[in-house]
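Okay, here's what each chain looks like letter by letter:
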Amino acid sequence: MMNCLRNWPEPVIRVQHLSDSGIRVIPDRYVKKPSDRPTPTTVLESPATEVSIPVIDMRDLYSGDDALRKKTAALIDGACRDWGFFQVVNHGVSHDLMRRTREVWREFFQLPLEEKQKYANSPSTYEGYGSRLGVEKGISLDWSDYFFLHYLPMRARDCNKWPTLPNTCRELVGEYISDVVKLGGKLMKIFSTNLGLTEDYLQEAFGEEMGACMRVNYYPKCPQPDLTLGLSPHSDPGGMTLLFPDEDVSGLQVRRGDNWVTVKPIPNAIIINLADQLQVLSNSNYKSVEHRVIVNSVKERVSLALFYNPRSDIIIKPAEQLVTAEQPALYPPMTFDQYRLYIRTRGPCGKSQVESLESP
Ligand code: OGA
Ligand code: NI
């Protein structure tokens, strides 16, 4: 599969090293069209422009108090329908583990370029150290580098492709992802029940060998942050994303109507966003939400994005219980592999893919 994507069409430039070189003017390839640039007010790091997406305390789900459990599940349902984005606290993942994992990645990006280049990736799997999404020659580039790795299914996991330095990296990554995947599994049950499906419906639809992969995003300081983006608007192609960003520097923006709202990070919270395959399975009762990342000239930003995905070769289609005379099936059946080829080829393109599949 994806033989067509063997190599990048142009020499890869590491954004971090561009940033470290001290340039005052960013290369044209990173300059967005005026209509795509962040508006000056959102670039200001003013708390007034940051909005709190719903914050859900997960402790109440497991308190044994049925009324509290139902109330929390209803809050999650509301956040899914209204925002498609929320933050969870008391989520069960060790804060110490989360922080150590994020810091180990910050140290990885601070290693000399030669060390990181050992993991340079190609578009055939995207695994490793990368600096672009999409293979089309001449496309606009985003102000970020990343490291992408596979965790599940087991047969896709190749720890030899994970960094050996810092020397705690592999171990921490394994522990961190294992715990975050468990959290994802709990949320899948809640989403299923909230949609009126059996508790295991969505997880079963993802197949026995579900996918889990992580992209560690590194957004270097940028001398002209108002001209570019750290990550262009996109919805995530998979099931859901569990994100742990730096908390002292914001950057994530979520589309709400015609506006972009900046997410105010809460220490130790995990940001959850619904992605395209849950939109398809829920027959659009839940929607993936477009988001993007802005950068700044003061501080670099690291985020860990765990993608909780269906098995790559399983057919995903709207749940039959959610297909009715009033709401016929909106999406054609398709495997996740077929689906994600689009973003891997063209790079981030808003919600154009999932919307292009919708029946009129
Ligand atoms: C992503 C993403 C947001 C962020 O990796 O898909 O949207 O804040 N990341 O880094
Ligand atoms: Ni995303």
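Before reading on, note that the structure itself is shown above.
This write-up is about the structure you can find in this document. Quick caveat: nothing in here was measured; it's all calculated off a predicted structure. In every chain, residue numbers begin from 1 and rise along the written sequence. For naming, the first written chain is A and the first written ligand is 1, with later ones following in the order written. For this predicted model, a pLDDT threshold of at least 70 governs which residues receive local features, and a threshold of 80 or more governs which side-chain atom pairs are given and counted, while totals over whole chains, interfaces and linings are taken from all residues. To get the side-chain values, all heavy atoms of the structure are used, and hydrogens and water are removed first.

Our next topic: the overall build of the protein chain. Across its full length, the protein chain carries 10 helices and 15 strands. Atoms counted for the radius of gyration: C-alpha only. Globule rule: 2.2 Å times the number of residues to the power 0.38. In terms of overall dimensions, the protein chain is globule-like: its C-alpha atoms have a radius of gyration of 20 Å, near the 21 Å expected for 360 residues. Dimensions of the protein chain, computed from C-alpha atoms along their principal axes, come out at roughly 55 × 40 × 40 Å. We call a residue buried when its accessible area falls under 20% of the maximum for its residue type, exposed when it is over 50%, and partly exposed in between, using a 1.4 Å probe and counting protein chains only. Here the protein chain holds 360 residues, and 56% of them are scored as buried. Any two residues whose heavy atoms approach within 4.5 Å are treated as being in contact. Once local pairs closer than 6 in sequence are excluded, the contacts in the protein chain between residues at least 24 apart make up 79%. Carbon and sulfur atoms make up 53% of the accessible area of the protein chain, which totals about 15400 Å². For the protein chain, the distance from the average position of its 42 positive side-chain charges to the average position of its 45 negative side-chain charges is 3 Å. In this text, helices come from DSSP runs of H or I with a minimum length of four residues, and strands from runs of E with a minimum of two, each type numbered from the N-terminal end. What sets the accessible areas is the Shrake-Rupley method with a 1.4 Å probe; for residues, cover comes only from the shown protein chains. For the charge count, each Lys or Arg is scored as positive and each Asp or Glu as negative, with His and the chain ends excluded. In this description, the location of a charge corresponds to atom NZ of lysine, CZ of arginine, CG of aspartate or CD of glutamate.

We now examine the state of the cysteines. Note on terminology: pairs of cysteine sulfur atoms within 2.5 Å are recorded as disulfides. What the rule picks out here adds up to zero disulfides. Sulfur of Cys169: no disulfide; nearest cysteine sulfur belongs to Cys159 and is 11 Å away. Look at Cys169 and you get buried, because its relative accessible area is 0%.

Between the rings of Phe, Tyr and Trp (Trp by its six-membered ring), a pair exists once the centres lie within 6.5 Å; its type follows the angle of the planes, with under 30 degrees stacked, over 60 edge-to-face, and the other angles tilted. Applying the stated criterion across every chain, the model contains 13 aromatic pairs. With 6.2 Å between their ring centres and 85 degrees between their planes, Phe108 and Tyr129 make a pair best called edge-to-face. Highlighted residues: Phe108 in helix H4 (residues 95-110) and Tyr129 in strand S4 (residues 128-130), separated in sequence by 21 residues. For the pair Phe108 and Tyr129, one class covers both residues: buried. Pairing Phe108 with Phe147 gives two aromatic rings, centres 5.3 Å apart and planes at 85 degrees, and the pair type is edge-to-face.

Each regular strand shows side chains that alternate between the opposite faces of the sheet. Note on pairing: DSSP must find at least two bridges between two strands before they are called paired. The pairing of strand S9 (residues 252-256) with strand S12 (residues 291-293) spans three bridges and is antiparallel. Along S12, the bridge assignment pairs Gln253 with Arg292. Here S9 runs beside strand S10 (residues 259-263); their pairing, made up of four bridges, is antiparallel. In the sheet register, Gln253 faces S10, and the bridge partner there is Thr262. Counted along the chain from S9 to the antiparallel partner S10, the turn is two residues long, and its residue Gly257 has a positive phi close to 60 degrees.

This next bit is on the coordination of the nickel ion (ligand 2). Counted as donors are the N, O and S atoms within 2.8 Å of the metal, or 3.2 Å for Na, K and Ca, while water is not among the atoms, so some sites may look incomplete. The protein atoms that coordinate the nickel ion (ligand 2) are His234 (NE2), Asp236 (OD) and His291 (NE2), at distances of 2.1 Å. Between consecutive donor residues of the nickel ion (ligand 2), the sequence gaps follow H-x1-D-x54-H. With His234 in strand S7 (residues 231-234) and His291 in strand S12, the pair connects residues that are 57 residues apart, well separated along the chain. Comparing His234 with His291, the two get one shared label, buried.

Should a side-chain nitrogen of Lys or Arg be within 4 Å of a carboxyl oxygen of Asp or Glu, the pair is scored as a salt bridge. For the coordinates displayed, the defined rule picks out 27 salt bridges. Among the salt bridges present, the one from Asp66 reaches Arg69, with a minimum N-O distance of 2.8 Å. In this pair, Asp66 and Arg69 are both assigned in helix H3 (residues 66-82), three residues apart and thus about one turn of the helix distant. Here Arg69 falls in the partly exposed class, since its relative accessible area comes to 34%. Asp337 is the partner of Arg340 in a salt bridge, and the nearest nitrogen-oxygen pair spans 3.4 Å. Linking Arg340 with Asp337, this pair stays in helix H9 (residues 336-346), spanning three residues, or about one helical turn. When its relative accessible area of 12% is taken as the criterion, Arg340 is described as buried. Residue classification places Asp337 among the buried positions, given a relative accessible area of 17%. A single salt-bridge network, built from bridges that share partners, covers Arg99, Arg102, Glu103, Arg106, Asp246, Glu247 and Glu300.

Its location among the elements puts Asn296 in the loop between S12 and strand S13 (301-309). Judged by relative accessible area, Asn296 falls into the buried class, the value being 7%. In terms of polar contacts, Asn296 uses its side chain to reach the backbone amide nitrogen of Val298, at 2.7 Å. Polar side-chain contacts of Asn296 include one of 2.7 Å to the backbone nitrogen of Lys299. Each polar contact in these results corresponds to two N or O atoms within 3.5 Å; when the atoms are within protein, one needs to be able to donate a hydrogen and the other to accept it, and residues that are neighboring in sequence are counted only if both atoms are side-chain atoms.

The next subject is the site of ligand 1. The nearness test applies per residue and asks whether one of its heavy atoms lies within 4 Å of the molecule or strand. Neighbouring ligand 1 are 14 residues, the closest being Arg215, Tyr219, His291, Arg301 and Ser303. Between ligand 1 and Asp236 there is a distance of 3.1 Å, counted from an oxygen atom to a side-chain nitrogen or oxygen. Surface burial for ligand 1 is 98%, taken as the share of its 290 Å² of free accessible area covered by protein chains. Looking at the shell around ligand 1, the elements that each hand over two or more residues are strand S6 (211-219), S7, S12 and S13. Examining the composition of the shell around ligand 1, we find that four residues originate from one element, S13, more than from any other.

Remember that the coordinates give geometry; whether it matters functionally is a separate question.
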